[in-house]
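# Examination of the molecular architecture
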Amino acid sequence: MDWSFQLYSARNFQPWEDVLKTLASLGYRQVEGFGVVYDDPAAFRALLDENGLAMPSGHFGIDLLEQDFAKAVSIATTLGMQLIACPWLEVAERPTDADGWRALGKRLAAIGKKAKDAGFGFAWHNHDFEFAPLADGSVPLRLMLEAAPDVGCEMDVAWVIRGGCDPLPWIDEFGSRILAVHVKDIAPHGTAPGEDGWCDVGHGSVDWAGLLTALRNRTPARHYVMEHDNPADFERFARRSIEAARRF
């Protein structure tokens, strides 16, 4: 398996030339893009090629995807992506009832159709807010997925757990739609100060060995992306995580 690395995890450890060189030296062959690395896609593609790295997937904001899809396609094509993932909704834009979440799902379905027509896969990347039950007991992520049956998932397993859910039933139910996985770990209580409760993969409380078995057996996911939202040392995180993952 070629492990990928979400470049957001290294945003505070510039320059990108050094980041990519470090990742390649640790054995990564893929990375996942996000916002700022799209400022000059051709130049960033040259850096990837120089380090023997591919970018098969990337995150794109919903505003860009809805308002200038052609630009998103141009960026994705230049960087060699196959999968476009939409990762976030600002707090003020999040629906407050079931109909609102279904409407969001339909918006994603429209983006997904454009992505498919352009030759890309398309997925929603979850955080924890999509698992907070509404007043009627419904779960936002389920409402979104039911309203957009052709949209895939990039499952961020640790955020599922932080959202108060067991990932395994979601894998069982929606496994055929999980196109990519974010591999991150939750720090044991009282550890990893200053790192927002996250830690190096394989050094926390998430049963990654068991979850990876389920994901490999029950999903078509091709991209397994290491991520830490706020590492104190990006090289330490990247190194210890890939070392642990190779043992899973």
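Structure: above.
The omega torsion of the bond from Gln14 to Pro15 falls at 10 degrees, within 30 degrees of zero and hence cis. For Ala192, which is not glycine, the phi torsion reads 50 degrees and is therefore positive. One can find Ala192 in the loop between β8 (185-186) and β9 (198-199). Within the chain, Asp196 stands out as a residue other than glycine whose phi angle is a positive 60 degrees. Here Asp196 lies in the loop between β8 and β9.

Under the criterion given, the structure shown has 14 aromatic pairs. Aromatic side chains Trp16 and Phe44 sit 6.0 Å apart centroid to centroid with 75 degrees between the ring planes, which places their arrangement in the edge-to-face category. Within this pair, whereas Trp16 is found in helix α1 (residues 16-26), its partner Phe44 is found in helix α2 (residues 41-50), the two being separated by 28 residues in sequence. For Trp16, a relative accessible area of 13% corresponds to the buried category. Residue classification places Phe44 among the buried residues on the basis of a relative accessible area of 5%. Ring geometry for Trp170 versus Phe174: centroids 5.5 Å apart, planes at 20 degrees, classification stacked. Of this pair, Trp170 and Phe174 both sit in helix α8 (residues 167-174), four residues apart, which is roughly one turn of that helix. An aromatic cluster is present here, built from Phe5, Phe13, Tyr28, Phe234 and Phe237 joined pairwise through their rings. Across the ring face of Trp170, the terminal group of Arg142 is positioned such that the distance to the ring centre comes to 5.0 Å. Its guanidinium or amino end placed over the ring of Trp198, Arg162 lies 3.7 Å from that ring's centre, counting from NZ or CZ.

To continue, consider the pairing of strand β4 (residues 83-86). Because side chains alternate across β4, one face comprises the buried residues Leu83 and Ala85, and the other comprises Ile84 and Cys86, equally buried. Relative to β4, strand β3 (residues 54-59) is paired through three bridges, and the arrangement is parallel. Paired with Ser57 across the bridge in β4 is Leu83. Pairing geometry for β4 and strand β5 (residues 121-125), over four bridges, is parallel. Opposite Ile84, over in β5, you have Phe122 as the bridge partner. For the handedness criterion, the β-α-β arrangement of β4, helix α5 (residues 98-117) and β5 is classed as right-handed.

Definitions and limits used
- Residues numbered from 1 in each chain as written.
- Predicted model: local features only at pLDDT ≥ 70, side-chain atom pairs only at ≥ 80, totals over all residues.
- Heavy atoms only, no water.
- Helix = DSSP H or I, 4+ residues; strand = E, 2+ residues; numbered from the N terminus.
- Phe/Tyr/Trp six-rings, centres within 6.5 Å; stacked < 30°, edge-to-face > 60°.
- Buried < 20%, exposed > 50% of the residue type's maximum accessible area, 1.4 Å probe, protein only.
- Lys NZ or Arg CZ within 6 Å of the ring centre and 35° of its normal.
- Pairing = 2+ DSSP bridges.
- Right-handed = clockwise from strand over helix to strand, strands pointing away.

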